[in-house]
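Residues per chain, in single letters:
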Amino acid sequence: MKPFSIFNNAVRAKEIFTTLARYGFGDLLDLLKTPLDWIPAFSSERNVEELNIWERIRLIIEDLGPTFIKFGQILSSRPDLLPEQLINELRKLKQNVTPIPFEKISPILDEAFDHNLNNTFSEFNQTPIATASIGQVYKATLKSNGKTVAVKVQRPKVKKEIEADIEIISWIIKKLHQNLNVVKPYDLPGVIEEVKQGLLDELDFEIEAHHSTLFNTLNPYSEEIFAPKIEDEFSSSKVLVMEWVEGESPLEAKRTEEISKQLAATGARSILYQITKSGFFHADPHSGNILITKDNRICLLDWGLIGQLTSQMRYNLADLFVGLMKKDVQLVVNTAVRMSNNRHLINKESLEKSVLLLLQKTHSPGAPTYSIGRMGMELLYALNQNGINAIRDYVFLAKSILTIEEISRHLDPDFDIIPIGEPLLKELTWERWNPKTLAKQGFYTFTSLFRELKELPSDLQRVLRRFESEELNINLYHKGIDNFSKQLTYSINRLVLAVICASLVMGSSIIAATGVEPKVFGYPILSIVGFSIAIIIGFVISIDTLLHKNKEKAHKEKDR
C-alpha cells in the first residue's frame, strides 16, 4: 500500500485504528508507525484483559463490519496458514449485517432492468429476506411466466468499500510482516492477496450463476440434492435471479430419525462425489448455505466460492486417503509433497514425525470417532509447520468435508463418513488404473514423445544453420566473475609494480657497487635515483595494500 493511501481512506482508516486501540492493540499501532496522530486514548467498555488475543481479534472483526467478517470467514478455511486458536475464533463469526433501505438498492435494479422493474416483475417484496456482506435477497414474481424467484442484489458501492478495506488490511498486514518475527512464518501478505482475489471474484454474480448451473449439470443425485435454477435472461454481474426455494436450515429442520439419517448421508455422498468424481465442489457448504425442503431434498445455495481439482489432484487425494487409513506415514508424506506447491527443500524427517504423531492420535485405542475433515485440517497445519504450502483447493476440500461432517452429525449422531466414501474411492481408483485410462495415458505419452522426436531433426537443422551463418552467439555468464576479474587485474598490477621495484633495487645495487660516475656523497647518481624510485613504489604499494584490506573488511561487514 502506498503511504498516501492511508489518507485517501482516512475516515475508514481512523475507524479501524480506533477499534484496534479500543481492544488493547495500542502497542501494535505504535509498531505499525501509523502516520495518523488522531487515535484517541480511552478505556474500552469491555474488559479486554479478560479476553485472550484471539477473542479480541474476532470482536474487532465483528465491530468493523461486513467486509472484515467476510474476510475472517474466508480466512477460517486456512488452518494450514494460520494459528489454530485464531481459526477457532474466526469460525465463530456470524453475518450480522444491517439491511440497506430499498431506496438505496433501487438504483442498481433500475440499471439492471433499464428502469422497467414493473415490466419484469409482477410482484417485488421490498423487504429483504436475507442480508449478507455483498448483497441482499428479495422475493419476487416474474411477470413473464409467473414463477416465484429470489433476487440477489449487490449492495451499492460495495466494491469500492471492499477495495478500501482490503487496501488498509493489506497495509497493516505488510507492516506486521515486516516488524513482527513471530508472524513471518505464516506469509500473511500472501494469504491476504489470495483471499482478496477470492472476495473480488464473489462480486461478479455471473460467476456464481455459472457455478450453480454447472453443479446441476454434473450432479447425478438431482432427485435428492440440487442448486437453484438460474434465470439467465434476467441475471447480470450485480443482480442474480434464481428459482425460489422454500426450506429450513439443517440445524433447525425437524425430521424423523430415518429421514435425518438419509439427509446426512445424501449431503455427505454429494460432496464426496463432487470431490472424487467431478473435481468441482462447493467450497463453503455451511448451514447458512443449505436448505432442507418440504419434500426432504437438499438445496445448496451461494456458489460464489468453489474448489476445482484436476485428475492428478484427485488421484493424489486417493493416495493420501489410503495412506491415512493404513497409517502409512511414508505414503502420506510423499503424497503430501506431491500435493503442495512448495519449491523449497523439505525436512522429511521432521515432517514424518508430525504425521506419525497425527496418526497415533487419531488411531490410538480408545480414541473418539475421528473426523476425516478434522484430520485433513490438522494434516494441512502440520505440513505448513514443516514448510509445505498446500494448494488452496486442497484446503477448501478439507474445510468442505469437515463442515459436511459437522452438519451430518447434527442430523445423525452416529454418522460415519467412511462407509459413504469407500465406494467412491474405489470408483476413483478404478478410473485411475483401468486399462482404458492406462491405454489413453500411454497413447498420449507415446504421441507426445513421437511428436518431439519428429521435430528434433528440424530443430537441430535450424541450430546448425544459425551456426553456419554466424547468427548464433553463445554468452557465458558466471555470477561474481566481474569481481574476480577486478581482483585479478588489481593483483597483476601490484605484482608488476613489485617486480619493477625489485629490479630497480637490484640494478641500483649493481651500479652502486661499480662506482659509476657522476657521484653524489660518494654514491653514483643513477643508483640514488633508482633507490629513490624503488622506495616510492614500495611505499605506494604498502599504502594501497592497507587501504584495500580495510575496504574489503568494510564490504564484508556491510554484506552481513
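Report on the accompanying structure. Bear in mind that the values here come from a model prediction, so they are computed numbers and not experimental data.

Quick notes on the rules
- Residues numbered from 1 in each chain as written.
- Predicted model: local features only at pLDDT ≥ 70, side-chain atom pairs only at ≥ 80, totals over all residues.
- Heavy atoms only, no water.
- Helix = DSSP H or I, 4+ residues; strand = E, 2+ residues; numbered from the N terminus.
- Buried < 20%, exposed > 50% of the residue type's maximum accessible area, 1.4 Å probe, protein only.
- Contact = heavy atoms within 4.5 Å.
- Areas by Shrake-Rupley, 256 points an atom, 1.4 Å probe, with all protein chains shown as cover.
- Patch = residues over 30% accessible without salt bridge, like charges linked within 9 Å, V, L, I, M, F, W, Y side chains within 5 Å.
- Salt bridge = Lys/Arg side-chain N within 4 Å of Asp/Glu carboxyl O.
- Core = buried A, V, L, I, M, F, W, Y, C linked by side-chain atoms within 4.5 Å.
- Polar contact = N/O pair within 3.5 Å; in protein donor to acceptor, adjacent residues only side chain to side chain.
- Phe/Tyr/Trp six-rings, centres within 6.5 Å; stacked < 30°, edge-to-face > 60°.

Attention now moves to the overall build of the protein. A tally of regular secondary structure across the protein gives 21 helices and 12 strands. Looking at the protein residue by residue over its 560 residues, the buried ones come to 42%. Contacts in the protein between residues at least 24 apart in sequence constitute 67% of all its contacts with a sequence separation of at least 6. Carbon and sulfur atoms make up 56% of the accessible area of the protein, which amounts to about 32,200 Å² in all.

A separate point is a nonpolar patch on the surface. A surface patch of nonpolar side chains, amounting to about 470 Å² of accessible area, comprises Val520, Tyr523, Ile525, Ile528, Val529 and Ile533. Of the residues forming the nonpolar patch, the biggest block, four residues, is contributed by helix H21 (residues 525-559). The exposure class of Val520 is partly exposed, given its relative accessible area of 31%.

The next point concerns the nonpolar core. Ile275, Val355, Leu397 and Ile417 are the most contacted members of the largest nonpolar core, which totals 64 residues. Counting residues per element, this core draws most heavily on helix H17 (residues 392-411), at 10 residues. If near-sequence neighbours (up to four positions away) are discounted, Val355 is found in contact with Val329, Val332, Val333 and Leu379. Ala13, Leu59, Ile74 and Leu86 belong to the second largest nonpolar core, which has 47 residues in total.

Another aspect to go through is unusual backbone geometry. Non-glycine residue Lys157 carries a positive phi angle of around 60 degrees. Take Lys157: it is sitting in the loop between strand E4 (148-154) and helix H9 (158-179). Residue Lys157 is classed as exposed on the basis of its relative accessible area of 67%. The phi dihedral of Asn296 is positive, around 65 degrees, even though this residue is not glycine. Considering the arrangement of structural elements, one finds Asn296 in the loop between strand E8 (290-292) and strand E9 (298-300). Using a relative accessible area of 23% as the deciding quantity, one classes Asn296 as partly exposed.

A word on the side chain of Asn434. With respect to the secondary-structure elements, Asn434 resides in the loop between helix H18 (418-433) and helix H19 (435-468). At 2.8 Å, the side chain of Asn434 forms a polar contact with the backbone oxygen of Trp430.

Looking now at the environment of Lys175. Looking at the element boundaries, Lys175 is found in helix H9. Given a relative accessible area of 26%, Lys175 falls into the partly exposed group.

Throughout the structure, instances matching the rule amount to nine aromatic pairs. Both rings, one in Phe113 and one in Phe121, keep their centres 5.3 Å apart while their planes meet at 85 degrees; by these two values the pair is edge-to-face. We classify Phe113 as buried; its relative accessible area is 8%. When its relative accessible area of 3% is taken as the criterion, Phe121 is described as buried.

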